[in-house]
Amino acid sequence: MINVTDIHKEYIDGETSVRALRGVSLHIAKGEFLSIAGPSGSGKTTLLNVIGCIDTADSGGLSIDGDRINGAHGVSSRALIEIRRAKIGFVFQSFNLIPVLTAYENVAMALSLLGLAESEIRERTTKILTEVGLAGMEDRRPAKLSGGQQQRVAVARALVKDPLIVLADEPTANLDSETGEAILKLMKSINQRIGTTFVFSTHDQMVMDYADRLCRLHDGLIESDEVRRSA
Amino acid sequence: MPVQDDLQPKRRPHAGPRMLIRLAAKNLTRYRRRTMITASAIAFGVAIFVAMASLLEGLIAEGDRNLANYETGSAALTGQGYWDEREQYPLDILIEDPASILDALDAADIAAAPRVGFRGELIVHYDPYPEDGSAHLSMYGINPERDPRVFRIDEAVTEGRYLEADEHGLLISRWLAERLGAEVGFPVTITTRTRDGFHQIMDLDIVGIYETPNPTVDRRTVFMPLEIADSYLEMQGAVTAVHLALPEAVPGTADLEPVRAALAQAGITLEPAGGDGPDPDNNRDVPGESGAQDHGAATGVELLSFDYMTAEFAAAMELQEAAFGVILFLLGVIAIVGISNTMLMAVLEREREIGMMRAIGMRDGEIRSMFVLEAAGIGLLGGAIGLLIGAGLVGYLATYGIDYSAMLEGVEMDFRFDGVVYGVWNPETMLTTAIGAAALAGVVALIPVRRILKRSVTESLRQH
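This one's a predicted model, so the numbers in the text were calculated from it and none came from an experiment. (Residues numbered from 1 in each chain as written. Chains lettered and ligands numbered in written order. Predicted model: local features only at pLDDT ≥ 70, side-chain atom pairs only at ≥ 80, totals over all residues. Heavy atoms only, no water.)

Peer 1: It is not clear to me how the overall build of chain B should be interpreted in this structure. Could you clarify?
Peer 2: On a plain count of helices and strands, chain B comes out with 17 helices and 14 strands. Expressed as a percentage of the 464 residues in chain B, the buried residues total 52%. As displayed, chain B has an accessible area near 21,100 Å², and 57% of this comes from carbon and sulfur atoms. (Helix = DSSP H or I, 4+ residues; strand = E, 2+ residues; numbered from the N terminus. Buried < 20%, exposed > 50% of the residue type's maximum accessible area, 1.4 Å probe, protein only. Areas by Shrake-Rupley, 256 points an atom, 1.4 Å probe, with all protein chains shown as cover.)

The following block contains the structure:
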């Protein structure tokens, strides 16, 4: 489904250059619950950004669902936006909800971008909010929700468009361990029931414990790739 | 299913305008105080602009009325080329036979008043005057019976009385009387030259003091009976102009065709000119434009439109409009700086949010639209408040006006308005201003948004 082949990425930070990815190759199959782990600066966020089409690799190949993203004959930046819009869901460490919108509106926005009819948006948004345990809280703005509830809204926003893959960058880092575990359980149950593919970046052992497959990065290289449970 | 790289734009899903409008509207409430401060700055600009536009229009309308009522009438007949030389008051470019013209116009029921304009020095002496003095002035011999049909000097007499035919009487303005220390009944001496260039001295008594709202007339002009001017200047019945009053809603819109027809009926042929008649848009003609004047072939008489005669005044008003444009520009700058600053802060504070929206697939165009709508919303709010305040100001100006008397007292310029000038209601200008403010605000928002959209999505997401 997603093929990462010999990806390289280098950042220039002032006069220093940082080789964030130094030839990463990875195949992610449909329905996987994959954790990319590693210490700070190991390249896990960069890899997630490249897979999520919000950053481009300097070299190497990336294909998502048959679309060649990187390398020769890669898709245009306009098509990349369409891929992000329709096929990729993001869950951010700091939730990144729009504070002036209610929980319902934050989730519905992802569907509005797809140009769906209001009735379909209403149906799908209500359903996913119930799914993540936020029934009855649709009209609350983020400031009136706890951190865990906000992250549930973010998960709902990522899932509502029924994406090919959900990319979550340290999704529990801003949550206490109990709430973080609840979020992980939620994502895991969705993965098991619906078959949505999840890829996390983390350095949290608890997150790693939940993963079916654990891929460790170190200095921009895959150190180990371990399948713990079959998806 | 693979995403097609060559997707047609119309087939690509897009965020509906409803969502963008809703998002922009909600964002307006995010920084209420900032939104209100910016909207207030815009409201101030719109209100001032609306009030000034109203006043400027009032000034132009008042100027046109005062020109028509005290200097030009709706139109005039003169000797060929007289108007271009009028500042020299030539007595060799004349209408030699005004009687036949007046008869023709009377027959067509067109109000007409002959005048002889000339230059002279008005001299006064100590006792009864406080001191000796003199002034070079414009002097007009007017027909006391006919002149009020075209002009309003008779209504402007505030002390003494209006002129009577054949008397050695003189009307002077209040402005001049105060400076000379003149009163009704005081004698004056006028030195001038006859039609043939010989020196002439006239001894007249002041019979009335007038006060018009046209300072140019008040500061420069005295009036005497036409017969007296004719006699002393040896005009032999000739006049420098015949002024006309024609039906018209506002000066400059009169149809000159009846005048032409009446004169033609009497065998007085004016040289036809293409496209003449009133300007449908009430634009001022400038000398040399077709339709501004008719040249008489047989009589040497030309018919001058109001617009032709007032072209210099129009040019002066255009200068005033240019000054108004500078004020508008400054108000625009205030609005632009205000909205630009507000939107820059909004964009910078929400950079990570913008990054998130781009990450989940919102296009740059949609983000631009959202901020443009947000800024336009502030502009619309400011425009609406400004419109309300502006309407209040215009209401005041239209009812009570502004008294320019004291302001123009010592100013040596050719103004055609004095005293109280009233504002004019112009809903079109008011609405255009408010909508323009909203549109301008929207456009200005593009600048800071563009700056943020140049950054990569990951850069934006890293911002705190």
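Peer 1: Where do I start with the pattern of salt bridges in this structure?
Peer 2: One side chain can pair with another of opposite charge once the charged atoms of both are near each other. Residue and element names in this part refer to chain B. Summed over all chains, the structure comprises 31 salt bridges over all chains. Ionic pairing is found between E167 and R161, a salt bridge with its closest N-O pair at 2.6 Å. We classify E167 as buried; its relative accessible area is 15%. Here R161 falls in the partly exposed class, since its relative accessible area comes to 34%. (Salt bridge = Lys/Arg side-chain N within 4 Å of Asp/Glu carboxyl O.)

Peer 1: Honestly, the interface of chain A and chain B in this entry has me stumped. Any pointers?
Peer 2: Accessible area lost during the coming together of the parts is what is often quoted as the interface size. Each side of the interface is counted separately: chain A has 34 residues, and chain B has 33 residues. Contact between chain A and chain B buries roughly 3,000 Å² in total, counting both sides, with carbon and sulfur atoms accounting for 57%. At the boundary of chain A with chain B, the tally comes to three salt bridges. The partner of R363 of chain B in a salt bridge is E82 of chain A, and the shortest N-O contact between them spans 3.0 Å. The interface formed by chain A and chain B contains eight residue pairs in polar contact (both at pLDDT 80 or more). Every element with two or more residues in the side of chain A that touches chain B is listed here: α2 (77-87) and α3 (103-112) of chain A. (Contact = heavy atoms within 4.5 Å. Buried area = accessible area lost by both parts, 1.4 Å probe. Polar contact = N/O pair within 3.5 Å; in protein donor to acceptor, adjacent residues only side chain to side chain.)

Peer 1: Where do I start with helix α4 (residues 98-107) of chain B in this structure?
Peer 2: Quick reminder: α-helices carry 3.6 residues per turn. Residues three or four places apart thus point the same way. Residues and elements named next belong to chain B. Listing the buried residues of α4 in full gives P98, I101, L102, A104 and L105. Around the axis of α4, the buried residues are gathered within 160 degrees of arc, so they sit on the same side. Summarising the geometry of α4, the exposed residues directed more than 90 degrees from the buried face are D103 and A107. On its buried face, α4 is in contact with β1 (75-79), β2 (111-124), β9 (241-245), α9 (257-265) and β12 (301-305). Backbone geometry just downstream of α4 places D109 in the positive-phi region, at approximately 60 degrees. (Arc of directions from axis to C-beta.)

Peer 1: Sorry, what's going on with the sheet that holds strand β6 (residues 88-91) of chain A here?
Peer 2: Two orientations exist for strands paired in a sheet by backbone hydrogen bonds: parallel and antiparallel. All names here are of chain A. One open sheet accounts for six strands, arranged β6-β7-β8-β3-β9-β10; its pairing is mixed. Two strands bound the open sheet, and with one partner strand each, they are β6 and β10 (221-227). Mean inter-strand twist for the sheet, computed between neighbouring axes without regard to direction, equals 15 degrees. The pairing of strand β3 (residues 33-37) with strand β9 (residues 213-218) spans four bridges and is parallel. Bridge pairing in β9 links A37 to R216. Of the strands in this sheet, β6 and β7 (165-169) touch α2, which is tilted by about 70 degrees from β6. (Pairing = 2+ DSSP bridges. Axes fitted to C-alpha atoms, helices over the stretch in contact; angles between N-to-C directions.)

Peer 1: Would you take a moment to explain the packing of helix α12 (residues 351-359) of chain B against helix α13 (residues 364-399) of chain B for this structure?
Peer 2: To characterise two packed helices, one gives the angle between the axes of the helices and the distance between these axes. Residues and elements named next belong to chain B. Following both chains from N to C, one finds α12 and α13 inclined at 140 degrees, their axes separated by 10 Å at the closest point. When the axes of α12 and α13 are compared, the pair comes out oblique. The crossing of α12 and α13 is right-handed. On the side of α12, the interface is formed by I354, M357 and R358, while α13 contributes D364, I367, M370 and F371. Residues of the contact of α12 with α13, tallied by class, amount to five nonpolar, no polar and two charged. (Parallel < 35°, antiparallel > 145°, perpendicular 65-115°, else oblique. Left-handed = near helix turned anticlockwise from the far one by under 90°. Nonpolar A, V, L, I, M, F, W, Y, C, P; charged D, E, K, R; others polar.)

Peer 1: Help me out: how do you make sense of the domain arrangement of chain B in this one?
Peer 2: Its domain assignment divides chain B into domain 1 (12-64 + 314-462) and domain 2 (110-244). Here domain 1 of chain B and domain 2 of chain B have C-alpha centroids that lie 52 Å from each other. (Domains from an automatic or database assignment.)

Peer 1: How do you make sense of the sheet that holds strand β2 (residues 16-28) of chain A when you look at a structure like this?
Peer 2: Residues and elements named next belong to chain A. Pairing is antiparallel across the open sheet formed by four strands, whose spatial order is β2-β1-β4-β5. Looking at the sheet topology across the chains shown, the edges are occupied by β2 and β5 (67-68). As paired elements, strand β4 (residues 59-64) and β5 share two bridges and run antiparallel to each other. Bridging from a neighbouring strand, I64 pairs with D67 of β5.

Peer 1: It is not clear to me how the pairing of strand β8 (residues 197-202) of chain A should be interpreted in this structure. Could you clarify?
Peer 2: Side-chain positions along a regular strand alternate between the two faces of the sheet. All names here are of chain A. Among the six residues in β8, six count as buried, and that is most of the element. In β8, alternate side chains face the same way, and those of T197, V199 and S201 on one face and F198, F200 and T202 on the other are all buried. Bridge analysis of β3 against β8 gives five bridges, and the strand direction is parallel. Within β8, the position partnered with F33 by the bridge is F198. By the bridge criterion, five bridges tie β7 to β8 in an arrangement that is parallel. Of the residues in β8, the one forming a bridge with D169 is S201. With helix α6 (residues 177-194) bridging β7 and its parallel neighbour β8, the resulting β-α-β unit is right-handed. (Right-handed = clockwise from strand over helix to strand, strands pointing away.)

Peer 1: When you look at the packing of aromatic side chains in this model, what are you seeing that I'm missing?
Peer 2: With the rule as written, the count across this model stands at nine aromatic pairs over all chains. For the ring pair F33 of chain A and F200 of chain A, a centre distance of 4.8 Å and an interplane angle of 75 degrees mean the geometry is edge-to-face. With a gap of 167 residues between them, F33 of chain A in strand β3 and F200 of chain A in strand β8 connect regions that are remote in the sequence. The class of F33 of chain A is buried, set by a relative accessible area of 1%. A centroid spacing of 5.1 Å and a plane angle of 40 degrees characterise the contact between Y396 of chain B and Y400 of chain B, whose relative ring orientation is tilted. Look at Y396 of chain B and you get partly exposed, because its relative accessible area is 48%. Three or more aromatic residues joined by ring pairs form one cluster here, namely Y89, Y140, Y210 and F223 of chain B. A cation over an aromatic ring shows up here: R34 of chain B above the ring of Y31 of chain B, its NZ or CZ 4.4 Å from the ring centre. (Phe/Tyr/Trp six-rings, centres within 6.5 Å; stacked < 30°, edge-to-face > 60°. Lys NZ or Arg CZ within 6 Å of the ring centre and 35° of its normal.)

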